[in-house]
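What follows is the residue order along each chain.
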Amino acid sequence: MAEAAESPGNAGTASPRPLFAGLSDISISQDIPVEGEITIPVRSQIREFDSSTLNESVQNTIMRDLKAVGKKFMHVLYPRKSNTLLRDWDLWGPLILCVTLALMLQRGSADSEKDGGPQFAEVFVIVWFGAVTITLNSKLLGGNISFFQSLCVLGYCILPLTVAMLICRLVLLAEPGPVNFMVRLFVVIVMFAWSIVASTAFLADSQPPNRKALAVYPVFLFYFVISWMILTFTPQ
Amino acid sequence: MAAAHELTFHEFEEASDLLVETPDAATLSRSDQLTPQGHVTVAVGSGGSYGAEEVVEEESDKAALLQEKQKQQPGFWTFGYYQSFFDVDTSQVLDRIKGTLLPRPGHNFVWHHLRNQPDLYGPFWICATLAFVLAITSNLTLALAQRRDPSIHYSPQFHKVTVAGITIYCYAWLVPLALWGFLRWRKGIQEHMGTYTFLETVCVYGYSLFVFIPMVMLWLIPVPWLQWLFGGLALALSATWLVFTLWPIVREDTRLVAAALLSAVVLLHALLALGCKLYFFQSLPPEYLVPPSQVPSLPPNVPLPPTLPRSMAT
């Protein structure tokens, strides 16, 4: 229409949609209706969907989250360069792993407080503050990974070490001796290497190329300290 | 022109000479005086006579550095402010570490290696590594001692991590603070003295602790005289390096103050090394079963006279 063609040209009129200025070149034929209803029939479906999530059983809700966590565990155990951990990050997995590890590593309260292994709070603090420090470090070095994504990756990659802790606990039920220690040492070393490989598979790409080593070294130190705590665990 | 002198510090050999002549040039904060003269610098850079292969690198270096300086006004509370302290590459960090291992009298660490770009990455992670290495090796020594003598009771001794961490971080941050404060006070009295910025002092102390990491790892060898030997060597290396780094600044001061300052620095360093040796690496069999209050009275732990000549020798 002529009016449609002219209206973008009037600088004085307040054109409500300057974005569509290019449409002035297109002639609008008269039989395309430019009026109609705005109600979207899909809306009732969306409402239904919302209430269906609300109305679903608790088991469904929990299983959905557990499946997401389990899927990420699988990605850690078989590390490939994939984006799943980064895209759908969550902190449930790291929390579960950290609490499990801290519960298993804490010393009994009955023996001397001075000389034993770490307390629950010490392990918790080391894991979370360590992860936060490494994340801050990689962001300060110029990495383009978000804060929570990095926490998520570091937390999930503790999974191999938690498995090592479980194995060590089982091995410690056998009689003590050098063989016992060698088995535990071997398991911890393998799991430590697995953790490092898994976390660098996810994290290394987010760093500028000439600073990769600077960003990976603190991760190495972090998992090394956790492995040390696992290896030196002695049941009282 | 003063501007040209201050701004040519990127060059490799002439820089150090210029900085020796005008020690103030190294220590002006980067934000002053450079932003209005940005365009002048580029003109000087492109007109200068460098080696052909260095021209492109120098210019892009200068341009990048200028852009960075012009953007370097983010406030203390923004993330960008702290990002400027982590602006180092792997090769730069390794180069700085190598610089601490080879103290050379004319080759000042701050001017040659830091070049107005002190970083916090090195000091922070070297201190963290040293704290954990101390705790881990001291625990390992206990484990190895238990193998030789099964009457010793092994325990993970996790509290040593906390103690080591607090000690090392306090040393690496409070001592540079005190030193910086003292130097600024002296600068107020003696106008022509140069000074280092706080970050450069922290950097110097942080990198100086690097030598202790292999020293602590070598302390695993359970031969006492070898441990004292390694300790002495590492301490001598580190203290010499510290003295060489601080010398260009303190030589402007009176001899008394300079001597007092340098011997205080060396003494504190020696105390740190000695404290680490005594607390984390007590030789075990007789006193591990004995309460810690009796430790100083036992022969292997008495500080030997050889520590005195080391601190006197500087």
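Residues numbered from 1 in each chain as written. Chains lettered and ligands numbered in written order. Predicted model: local features only at pLDDT ≥ 70, side-chain atom pairs only at ≥ 80, totals over all residues. Heavy atoms only, no water.

Chain B appears in an unreviewed UniProt entry as Protein YIPF from Otolemur garnettii. UniProt lists a comment for chain B under the heading Sequence similarities (unreviewed entry), and it reads "Belongs to the YIP1 family." (UniProt positions renumbered as here; feature names shortened; annotations may be inferred.)

You'll find chain A entered in an unreviewed UniProt entry as Protein YIPF, with Otolemur garnettii given as the organism. Of the comments in the UniProt record for chain A, the one headed Sequence similarities (unreviewed entry) reads "Belongs to the YIP1 family."

1. Some words on the overall build of chain B
The helix and strand inventory of chain B stands at 16 helices and zero strands. Scored against the burial criterion, the 314 residues of chain B give a buried share of 47%. A sequence separation of at least 24 residues applies to 74% of the contacts in chain B between residues at least 6 apart. Of the roughly 15400 Å² that chain B leaves accessible, carbon and sulfur atoms contribute 69%. (Helix = DSSP H or I, 4+ residues; strand = E, 2+ residues; numbered from the N terminus. Buried < 20%, exposed > 50% of the residue type's maximum accessible area, 1.4 Å probe, protein only. Contact = heavy atoms within 4.5 Å. Areas by Shrake-Rupley, 256 points an atom, 1.4 Å probe, with all protein chains shown as cover.)

2. Details of the overall build of chain A
Helix and strand counts for chain A come out as ten helices and zero strands. When the helices and strands of chain A are read in sequence order from the N terminus, they spell out α-α-α-α-α-α-α-α-α-α. In chain A, which comprises 236 residues, the share counted as buried stands at 37%. Looking at chain A alone, contacts between residues at least 24 apart form 71% of all its contacts between residues at least 6 apart.

3. Looking at the UniProt feature "transmembrane region" (unreviewed entry) in chain B
Per the UniProt record, "transmembrane region" (unreviewed entry) is found at residues 120-142, 162-183, 204-222, 228-249 and 256-280 of chain B. Secondary structure over residues 162-183 of chain B splits into 100% helix and 0% strand, and the C-alpha atoms at its two ends are 31 Å apart.

4. Section: the interface of chain B and chain A
Contacts between chain B and chain A engage 26 residues on the former and 30 residues on the latter. Approximately 2600 Å² of surface area, both sides summed, lies buried where chain B meets chain A, with 65% of it carried by carbon and sulfur atoms. Broken down residue by residue, the surface that chain B buries against chain A is led by Y121(B), W125(B) and F158(B), which jointly contribute 25%. For the pair chain B and chain A, the interface holds two salt bridges. For R211(A), the salt bridge goes to D87(B), with nearest N and O atoms at 2.7 Å. Secondary structure elements with two or more residues in the side of chain B that touches chain A: α6 (79-83), α7 (90-101) and α9 (121-148) of chain B. Of all the elements, α9(B) adds the most residues to the side of chain B that touches chain A, at ten residues. Of the residues in the side of chain B that touches chain A, the class split is 16 nonpolar, seven polar and three charged. (Buried area = accessible area lost by both parts, 1.4 Å probe. Salt bridge = Lys/Arg side-chain N within 4 Å of Asp/Glu carboxyl O. Nonpolar A, V, L, I, M, F, W, Y, C, P; charged D, E, K, R; others polar.)

5. As for the nonpolar core
Grouped together as the largest cluster of nonpolar side chains are 114 residues, with contacts concentrated most on Y223(A), I226(A), L209(B) and F212(B). Beyond its immediate sequence surroundings of up to four residues, I226(A) is in contact with L101(A), V127(A), I158(A) and L161(A). (Core = buried A, V, L, I, M, F, W, Y, C linked by side-chain atoms within 4.5 Å.)

6. Structural notes on the UniProt feature "transmembrane region" (unreviewed entry) in chain A
Residues and elements named next belong to chain A. Per the UniProt record, the feature "transmembrane region" (unreviewed entry) sits at residues 91-108, 120-141, 147-174, 181-203 and 215-234. As a span, residues 120-141 carries 95% helix and 0% strand, and end to end its C-alpha atoms are 31 Å apart. End C-alpha atoms of residues 181-203 are separated by 32 Å, and the span's content is 100% helix alongside 0% strand.

7. Concerning the packing of helix α5 (residues 92-105) of chain A against helix α6 (residues 120-140) of chain A
Residues and elements named next belong to chain A. Packing of α5 against α6 leaves a shortest axis separation of 8 Å and a crossing angle of 145°. Relative to α6, the crossing made by α5 is right-handed. On α6, the residues that touch P94, L95, C98, V99, A102, L103 and L105 of α5 are F120, V123, F124, V127 and W128. Within the contact of α5 with α6, the residues separate by chemical class into twelve nonpolar, no polar and no charged. (Axes fitted to C-alpha atoms, helices over the stretch in contact; angles between N-to-C directions. Left-handed = near helix turned anticlockwise from the far one by under 90°.)

8. Observations regarding the environment of P248(B)
All names here are of chain B. Relative to the helices and strands, P248 resides in helix α13 (residues 224-250). The spatial distance from the C-alpha of P248 to the C-alpha of M193 is 9.3 Å, given a sequence separation of 55 residues. The residues contacting P248, other than those within four sequence positions of it, are N108 and W111.

9. Regarding the UniProt feature "domain: Yip1" (unreviewed entry) in chain B
Here the UniProt-annotated "domain: Yip1" (unreviewed entry) positions come out as residues 101-273 of chain B. Taken end to end, residues 101-273 of chain B is 75% helix and 0% strand, and its first and last C-alpha atoms sit 17 Å apart.

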